[in-house]
Amino acid sequence: MEPIRITAVSAGLGRPSSTRLLADRLAQATRRHLEGGERPVEVRVVELRDLATDIAHNLVTGFPGPALAEAVDAVTGADGLIAVTPVFTASYSGLFKSFFDVIDNTALHGKPVLMAATGGTPRHSLVIEHAMRPMFAYLRAVTVPTAVYAASEDWGGVDERVGELSARIERAGQELAELAGARSRPAERSAAAGTDGVNDATDATDATDATGAAGGSGQTETVVPFARHLAALGLD
């Protein structure tokens, strides 16, 4: 049985990285909500830090290296995606954006995406809504309702703030698990599309017949422009 594949993309630059830590915790939460089902669960984390040179080369040459190609396959082939970036200059990092620039802009169509970000201050929390969500909307991905932003004090602050972050992580992981678990594998989607294609072809043939001229001449009806109808009325 095909596993449910969850891929987390971390654009953190440091080691250790709070961005990677958040990606790991979101992946763990998603796994917990998926385990116990009929299908096994596979989780992979893609560190963009290790791919920075390959990404730059791809932007210039148009061809990915083996490591970058494997990472792109892991993202586009996943049933659910976790995307985490640090906040630089009130937006996602250039490394984060560059990685998604090398992915075909139709490859994430319909894919569930959990968005998350890290920053030094809570004032940058809206970066998810004004930068990340529009980007994934353009890529026609399905973003989960709960996004997770973690400021520095969320990791080592008072117990209340730490508890709030944990609750958001758990809720976001559950939402992604529900969408990813309901997503069929590519082979199943292709089979369904093939079945629908037969019906669509039949419907298209019927529609063509319906628009044909009476007597089966095969010619479609002539559409008279609206301006000509007005001219025939003789109105000034």
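Everything quoted here is computed from the prediction, not taken from an experiment. (Residues numbered from 1 in each chain as written. Predicted model: local features only at pLDDT ≥ 70, side-chain atom pairs only at ≥ 80, totals over all residues. Heavy atoms only, no water.)

Colleague: Summarise the overall build of the protein; cite the residues concerned and give the values.
Modeller: Tallying secondary structure elements over the protein gives nine helices and seven strands in all. When the 236 residues of the protein are sorted by exposure, 38% land in the buried category. In the protein, the share of contacts with a sequence separation of at least 24, taken over all contacts with a separation of at least 6, comes to 79%. Here the protein displays about 12,900 Å² of accessible surface, and carbon together with sulfur accounts for 55% of that area. (Helix = DSSP H or I, 4+ residues; strand = E, 2+ residues; numbered from the N terminus. Buried < 20%, exposed > 50% of the residue type's maximum accessible area, 1.4 Å probe, protein only. Contact = heavy atoms within 4.5 Å. Areas by Shrake-Rupley, 256 points an atom, 1.4 Å probe, with all protein chains shown as cover.)

Colleague: Talk me through the nonpolar core; I want residue IDs and the actual numbers.
Modeller: Counting residues in hydrophobic clusters, the biggest one holds 35 residues, and the most contacted among them are Phe96, Phe99, Phe100 and Phe136. Of all elements in the fold, only α3 (66–76), β3 (80–88), α4 (94–101), β5 (112–119), α5 (127–138) and β7 (148–151) reach the threshold of two or more residues within this core. Here the element with the most residues in this core is α5; it accounts for six residues. Once residues lying within four places of it in the same chain are set aside, the contact partners of Phe99 are Val9, Leu48, Ile55, Leu68, Ala71, Val72 and Val75. If you look at the next biggest cluster of nonpolar residues, it comprises 23 residues, including Ala27, Leu114, Leu165 and Ala172. (Core = buried A, V, L, I, M, F, W, Y, C linked by side-chain atoms within 4.5 Å.)

Colleague: Tell me about the confidence of the model for the protein, and please be specific about residues and values.
Modeller: When pLDDT is averaged across the protein, the result is 84; 75% of the residues are at 70 or more. Contacts for the low-pLDDT stretch residues 195–217, under 50 throughout, to residues beyond four places or in other chains number five contacts. (pLDDT = per-residue confidence, 0-100.)

Colleague: I'd like a description of the packing of α4 against α5, backed by residues and values.
Modeller: It is at 12 Å that the axes of α4 and α5 come closest, and there the two elements cross at 5 degrees. Accordingly, the angle class assigned to the pair α4 and α5 is roughly parallel. Within the contact between the two elements, α4 uses Phe96, Lys97 and Phe100 and α5 uses Met132, Met135 and Phe136. In terms of residue class, the contact of α4 with α5 is made up of five nonpolar, no polar and one charged. (Axes fitted to C-alpha atoms, helices over the stretch in contact; angles between N-to-C directions. Parallel < 35°, antiparallel > 145°, perpendicular 65-115°, else oblique. Nonpolar A, V, L, I, M, F, W, Y, C, P; charged D, E, K, R; others polar.)

Colleague: Can you lay out the side chain of Thr7 for me, pointing to particular residues and giving the numbers?
Modeller: By the secondary structure assignment, Thr7 is in strand β1 (residues 4–10). Reaching out from Thr7, the side chain makes a polar contact with the backbone oxygen of Ala74 at a distance of 2.8 Å. Apart from the residues lying within four places of it in its own chain, the contact partners of Thr7 are Arg44, Val46, Ala74, Val75, Ala78, Gly80, Leu81 and Ile82. (Polar contact = N/O pair within 3.5 Å; in protein donor to acceptor, adjacent residues only side chain to side chain.)

Colleague: Tell me what's going on with α4, and back it up with residues and numbers.
Modeller: By the burial criterion, the buried members of α4 are Leu95, Phe96, Ser98, Phe99 and Phe100. Packing partners of the buried residues in α4 comprise β1, α2 (52–61), α3, β3, β4 (91–92) and α5.

Colleague: Can you explain the pattern of salt bridges? Please cite residues and give values.
Modeller: Taken as a whole and assessed by the stated rule, the structure comprises eleven salt bridges. A salt bridge links Asp24 to Arg20; the nearest nitrogen and oxygen atoms lie 2.9 Å apart. One end of the pair, Asp24, and the other, Arg20, are both in helix α1 (residues 18–34), four residues apart, so they sit about a helical turn from each other. Linking Arg31 and Glu35 is a salt bridge whose minimum nitrogen-to-oxygen distance equals 3.9 Å. Under the relative-accessibility criterion, Glu35 is labelled partly exposed at 47%. Three or more residues joined by partner-sharing salt bridges are found here, namely Glu2, Arg5 and Glu42. (Salt bridge = Lys/Arg side-chain N within 4 Å of Asp/Glu carboxyl O.)

Colleague: So, the packing of aromatic side chains: which residues are in play, and what are the values?
Modeller: Using the criterion set out here, one finds four aromatic pairs in the structure. Residues Tyr92 and Phe96 carry aromatic rings whose centres are separated by 6.0 Å and whose planes lie at 35 degrees to one another, so their mutual orientation is tilted. A relative accessible area of 0% places Phe96 in the buried class. An aromatic cluster is defined as three or more aromatic residues linked by ring pairs; in this entry it consists of Tyr92, Phe96, Phe99, Phe100 and Phe136. (Phe/Tyr/Trp six-rings, centres within 6.5 Å; stacked < 30°, edge-to-face > 60°.)

Colleague: Before we move on, can you summarise the environment of Leu108 with the specific residues and values?
Modeller: Structurally, Leu108 is set in the loop between α4 and β5. Owing to a relative accessible area of 1%, Leu108 belongs among the buried residues under this scheme. Residues Leu108 and Ala141, spaced 33 residues apart in sequence, show a C-alpha to C-alpha distance of 5.4 Å. Contact partners of Leu108, with chain neighbours within four places excluded, come to Val75, Leu81, Phe100, Phe136, Leu139, Arg140 and Ala141.

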